[in-house]
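Here's the letter readout for the chains.
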Amino acid sequence: MEDMASSENGIIRVGVIGGGQLARMMVPPAIHLGLRISVLAETEGMSAARAADAVGDYREPETVYAFADTVDVVTFDHEHVPQPILRELEARGVAVHPRPEALLYAQDKILMRRRLAELGVPVPVWATVSDEAELQAFIEANGGRAVVKTARGGYDGKGVRVVSQADEVRDWFTALAEDGRGGHLLAEELVDFVRELSQLVARRPGGVGSAEMRTWPVVETIQEGGVCAEVLAPAPVADPATLEEAARIGRTIAEGVGVTGVLAVEMFETRDGRVLVNELAMRPHNSGHFSIEGSVTSQFEQHLRAVADLPLGDTSMTAPAAVMVNVLGGPAEGPMPVRYASVLAAHPRAKIHSYDKLPRPGRKVGHVTVTGEDLAEVRAEARAAAEMFR
Ligand code: ADP
């Protein structure tokens, strides 16, 4: 980057590790705020390539240290940077947000379950299992079925299986045994939920007296085949107590774990009215994309403010309803722009976001958001517009 400004003249340089669409969507608010943003992308062709002044492997310590030398604060587009590299960055005096000891709970589902239990946060019934016999006992004690998860490396439903027999995850046990580090799988009850919710929270270390936190209205997330397909904001939850409980849980975790930046807490609303935490992400999250148009302050802007320790923005909605629909797969004949003329003409209210990714079955290549007065109406329009890209 030419004319690289330094924090000495007040311009904060934020470095994002990971070059996917989340890093890409941090770029416009960084420009508006006058922050310098740079991205360590894995390859030239990645979604955030427009901003990627560094290309390299986040698992290579020297690559990450050299990138960190060019910025004032390091943050992330994903949670896969190994802990030893993160800890060494801190040892070298680099500001890393979220901090490694917080990010740990987004990297490992077993450590996350343990920490949430310590914080008294309601979670599904769970156990760690190290072999088929232990898993079979868990299945029998929990109504004949279980959700089994690998502790690390899963995303978009990869690493999650619903089973009724322990041998359905024999390959995972075999991989653990070959790995030789005494790892476990996570077994959970199959939760009978009415909907899935996501509570977004932002937290920054500074603030008057204590760390400043902001919550967005809780949203409903709708998955297809383990992948987020739609987000409804605010969640059409019947009981206001559910909204309060979701916000309380979000704040408890953000504070208890010491998150800096955006935290997404994925939750189940059970048929009997409880809220149980499923998953944590410590970065902007798919469930918060609606906030680009639907909130006074988007999750991407807020994440930047938080990691730069700047005062947080208003999280109220700009309209009574916002619906985000993912474009999964994409047009057969090429990237999303090949259909722009027809989609933009048919849906002038819809806001189209292309991630500059090539179509591939099931791949998140973009999203569409519509805001307005009536949830059902904006949902229908967002769906119709997104459908035109498939
Ligand atoms: P990933 O990290 O791959 O997104 P998650 O743990 O979030 O994996 O699970 C993916 C999806 O699987 C969830 O959104 C939910 O639909 C379903 N799921 C996960 N855990 C449970 C559970 N204990 N009971 C019922 N459904 C579950």
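Criteria and cut-off values
- Residues numbered from 1 in each chain as written.
- Predicted model: local features only at pLDDT ≥ 70, side-chain atom pairs only at ≥ 80, totals over all residues.
- Heavy atoms only, no water.
- Helix = DSSP H or I, 4+ residues; strand = E, 2+ residues; numbered from the N terminus.
- Rg over C-alpha atoms; globule rule 2.2 N^0.38 Å.
- Buried < 20%, exposed > 50% of the residue type's maximum accessible area, 1.4 Å probe, protein only.
- Areas by Shrake-Rupley, 256 points an atom, 1.4 Å probe, with all protein chains shown as cover.
- Lys, Arg positive; Asp, Glu negative; His and termini not counted.
- Charge placed at Lys NZ, Arg CZ, Asp CG, Glu CD.
- Phe/Tyr/Trp six-rings, centres within 6.5 Å; stacked < 30°, edge-to-face > 60°.
- Lys NZ or Arg CZ within 6 Å of the ring centre and 35° of its normal.
- Expected span 1.5 Å × (residues − 1).
- Bend = angle between axes of the 7 residues up to and from the residue.
- Near = heavy atom within 4 Å.
- Polar contact = N/O pair within 3.5 Å; in protein donor to acceptor, adjacent residues only side chain to side chain.
- Pairing = 2+ DSSP bridges.
- Axes fitted to C-alpha atoms, helices over the stretch in contact; angles between N-to-C directions.
- Contact = heavy atoms within 4.5 Å.

K.L.:
If you had to explain the overall build of the chain to someone new, which residues and values would you point to?
P.N.:
When helices and strands are counted, the chain shows 12 helices and 18 strands. Computed over C-alpha atoms, the radius of gyration of the chain comes to 21 Å, within 12% of the 21 Å expected from 2.2 N^0.38 for 390 residues, which places it in the range of a compact globule. If you line up the chain on its principal axes, its C-alpha atoms span 60 × 50 × 50 Å. Taking all 390 residues of the chain together, 54% fall into the buried category. Summed over its atoms, the accessible surface of the chain is roughly 16400 Å², and 50% of this surface lies on carbon and sulfur atoms. Side-chain charges of the chain comprise 39 positive and 55 negative groups, with the mean position of each set lying 1 Å from the other.

K.L.:
Could you give an account of the packing of aromatic side chains, with specific residues and numbers?
P.N.:
Under the definition given, this model contains two aromatic pairs. Ring geometry for Phe193 and Phe268: centres 5.0 Å apart, planes at 15°, overall stacked. Taken as a pair, Phe193 in strand β10 (residues 193–204) and Phe268 in strand β14 (residues 261–270) lie far apart in primary sequence, 75 residues in all. A relative accessible area of 32% places Phe193 in the partly exposed class. Given the relative accessible area of 9%, Phe268 is considered buried. Look at Tyr340 and Phe389: their rings are 6.3 Å apart centre to centre, the planes differ by 85°, and that puts the pair in the edge-to-face class. Remark: Phe389 occurs in the segment after α12 (375–387) and Tyr340 occurs in helix α11 (residues 340–346); sequence separation between them is 49 residues. The residue whose ring lies beneath Arg59 is Tyr58, and the NZ or CZ to ring-centre distance is 5.1 Å.

K.L.:
Hey, could you go over helix α1 (residues 21–33) for me, with residue numbers and the actual values?
P.N.:
Helix length check: α1 (13 residues) gives 19 Å between terminal C-alpha atoms against 18 Å at 1.5 Å per residue, within 8%. In α1, a bend of some 25° at Val27 exceeds every other bend along the element, and Pro28, a proline, comes one to four places later. What α1 keeps buried is the set Gln21, Leu22, Ala23, Arg24, Met25, Met26, Val27, Pro29 and Ala30. Residue Gly34 follows α1 closely and has a positive phi angle near 70°.

K.L.:
Provide a residue-level description of the site of the ligand, including the pertinent values.
P.N.:
Among the 18 residues in the neighbourhood of the ligand, the closest are listed as Lys109, Lys149, Gly157, Val191 and Glu196. With respect to the ligand, the side chain of Glu196 contributes an N or O atom lying 2.7 Å from an oxygen atom. Within the side chain of Glu279, one N or O atom sits 2.9 Å away from an oxygen atom of the ligand. When the free accessible area of the ligand is taken as 550 Å², the share hidden by the protein chains comes to 89%.

K.L.:
Describe the pairing of strand β7 (residues 146–150), and please don't skip the residues or the numbers.
P.N.:
Counting buried positions over the five residues of β7 gives five, a clear majority of the element. In β7, alternate side chains face the same way, and those of Ala146, Val148 and Thr150 on one face and Val147 and Lys149 on the other are all buried. Alignment of β7 against strand β8 (residues 160–163), held across four bridges, turns out to be antiparallel. Bridging across to β8, Val148 finds its partner in Arg161. The pairing of β7 with strand β9 (residues 185–188) spans four bridges and is antiparallel. Counted as the bridge partner of Val148 is Ala187 from β9.

K.L.:
Describe the sheet that holds strand β6 (residues 126–129), and please don't skip the residues or the numbers.
P.N.:
If you walk across this open sheet you meet the four strands as β6-β9-β7-β8, and the pairing is antiparallel. With partners counted over all chains shown, the strands left at the sheet margins are β6 and β8, one partner each. For this sheet, the mean inter-axis angle between neighbouring strands, taken without regard to orientation, is 25°. In the packing of helix α5 (residues 109–118) onto the sheet, the strands contacted are β6, β7, β8 and β9, and the crossing angle to β9 comes to about 50°.

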